[in-house]
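Residue strings, one per chain:
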Amino acid sequence: RAAPPPWLWARGFCAQGGPFMHLRLAHRSATLRLRALLATRCTGPAARTLLAPISARGFAHSSACVLLHRRMLATTAGAEVEGAEAKRPRTAPDRPMTCRRRACGGEVGAGGARVEVSVSCGNDVPGDAKVAWENGVALAFHRDCWKAVLDNSSELSPSERRLLSQASSTAERFDAADELAEKARAAADILRRTSRAICFTGAGLSTAAGLGDYRGKRGKWTLEAQGVDLPYTTVYEALRPTFAHQAVAKLVEMGKLAYVVSQNADGLHHLSGIPYTKLSDVHGSAFTEHCPGCGTRYVRDTYVPEDRAEDFFAGRLPGPIPEHIKRCRGCGSNHWTGRSCDECGKPLHDTVISFGDGLEGCVLNPAFEAAKAADACLSLGSTMSIGPSNGVVMMQQGPLIACVRQATEMDHLCTRTGGVRAFGDCDDFMRHLMAHLLGDEFEAWEASLAAKKADYDAKRPAAGKTRGDIFAKKR
């Protein structure tokens, strides 16, 4: 591939969400420079896992990226902390929180406009700090107070400016409750006029289901950069669609959304009732495997990837390695599931995409075709940063409605297209949107959602693999 422009590497390192976002696009020298910078920021086993393979290979498609990406698919509420200083950011249990700008110190209500960040600071907090920094805690600011801190950053000491830079990369923004409701009303008005809209979803949509996201104060990439090693224990079979998932499915049923494009591999859109004729899991699904020989696809009710492969490759599980486990030339991981195709008998391949893998044309092309015909785009829980699938956001020619906590490079499109830019939780935003769109029918529809749990349980029994039993215990 042609070398990317110089600014691409810098954006990959500095953009919200940490240094891995554009790693697969970086050329070798950029990757090695990235390694040098990471070595100054990351400590502990998580850093060694990342840095060692890059040092040896210096390529974007390193096995380090693959290992991280596999584990980015899910996080759990608990974290194994590496070192006395590193802690998983935790939200204060009691609301309202206190504004961390020392010049304010007032209460930050859950319904107020606010910004939440986190830092890994240890004892490196200056005595005259303008902010009440605290290690590993979700730090809240009134929206105006956060802006004031940023606007007056020149008055901060060098050490506090470094903390502010770190905090800025984790910032999650929340509109005031009345602002979010009004933005949802505007979004509902747009969707009333559409008939070919698409929906684009990312990790932020599934956080309410129990999965972690990548960016923000508790994002996987944020915690990896702070040296926090998260256990990979999520049982995918136990995950259930959130309110926002079910709202998207209802919009498809109503004909307001013509197609859904998801970067999530959790299979929750399909479980919520959206058929694959109207859905592209562009980064694959943990419940779908396919035959590379004849192209037959199989949607299962259990998790299909062979997770033991990573532990075999790392020497954490004793051999011999099963015959079906082989390294992929593209990503360095294993895609073979150990099952065979019913049609042609050839080995089956999982569909989960890792860095270094190409996206399947049979999944990506229908998404592009739907985007070209779309008259609006509803983006939920995605910073719309990862290509090529984020191209659907730019291909569509109608208003862009986006709800995600982080600032994105696509925010200007919301204004330019006459769309809506909301900051907050997808469930909250979609609850307001559906109430405005459905009107008097909303309460009955919302009440009907409880009965769907039995249907989800029947389609996807929770007695599946347990991630903690598959991966060898790390010491």
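The preceding data block contains the structure.
Reading guide: rules and limits
Once a new chain begins, its residue numbering starts again from 1 and follows that chain's sequence as written. Whole-chain, interface and lining totals are the exception, using all residues; otherwise, since this is a predicted model, local features are given only for residues with pLDDT of at least 70 and side-chain atom pairs are given and counted only at 80 or more. The basis for every side-chain value is the complete set of heavy atoms in the structure, and neither hydrogens nor water enter the calculation. Throughout, nonpolar core names a set of buried Ala, Val, Leu, Ile, Met, Phe, Trp, Tyr and Cys residues whose side chains join them through atoms within 4.5 Å. Only protein chains enter the accessibility calculation, which uses a 1.4 Å probe. A residue is then buried if its area is under 20% of the maximum for its type, exposed if over 50%, and partly exposed in between. In what follows, residue pairs with any heavy atoms lying within 4.5 Å of each other are defined as contacts. By the convention used here, strands pair only if DSSP detects at least 2 bridges between them. What counts as a helix is a DSSP run of H or I of at least four residues, what counts as a strand is a run of E of at least two, and both are numbered from the N terminus. Every axis in this analysis is a line fitted to C-alpha atoms, fitted for helices over the stretch in contact. Angles between the N-to-C directions lie between 0 and 180 degrees.

1. Notes on the nonpolar core
- Grouped together as the largest cluster of nonpolar side chains are 37 residues, with contacts concentrated most on Leu380, Phe429, Met430, Leu433 and Met434.
- Leave out the neighbours within four places in its chain, and Leu433 touches Ala184, Ala187, Ala188 and Leu191.
- The next biggest cluster of nonpolar side chains, apart from the first, holds 22 residues, and it includes Cys145, Leu156, Ala167 and Ala171.

2. Observations regarding the sheet that holds strand S6 (residues 197-201)
- What the six strands build is an open sheet, ordered S8-S7-S6-S13-S14-S15; its pairing is parallel. What marks the edges here is a single partner per strand, and that holds for strand S8 (279-281) and strand S15 (420-422). Averaged over all neighbouring strand pairs, the angle between strand axes comes to 10 degrees, with direction disregarded.
- Both S6 and strand S13 (residues 377-380) contribute to a ladder of four bridges, which runs parallel.

3. Quick look at the pairing of strand S12 (residues 347-350)
- In terms of strand pairing, strand S9 (residues 288-290) meets S12 through two bridges, oriented antiparallel. By the bridge assignment, His290 is partnered in S12 with His349.
- With two bridges joining them, strand S11 (residues 336-340) and S12 adopt antiparallel strand pairing. Bridging from a neighbouring strand, Trp336 pairs with His349 of S12.
- The hairpin formed by S11 and S12 contains six residues between the paired strands, and Gly345 there has a positive phi angle of roughly 85 degrees.

4. Here's the deal with unusual backbone geometry
- Pro388 follows Gly387 through a cis peptide bond whose omega is 5 degrees.
- Following the sequence through the fold, Pro388 ends up in the loop between S13 and helix H13 (391-395).
- One non-glycine residue, Met384, adopts positive backbone phi at about 55 degrees.
- Locating Met384 in the fold gives a position in the loop between S13 and H13.

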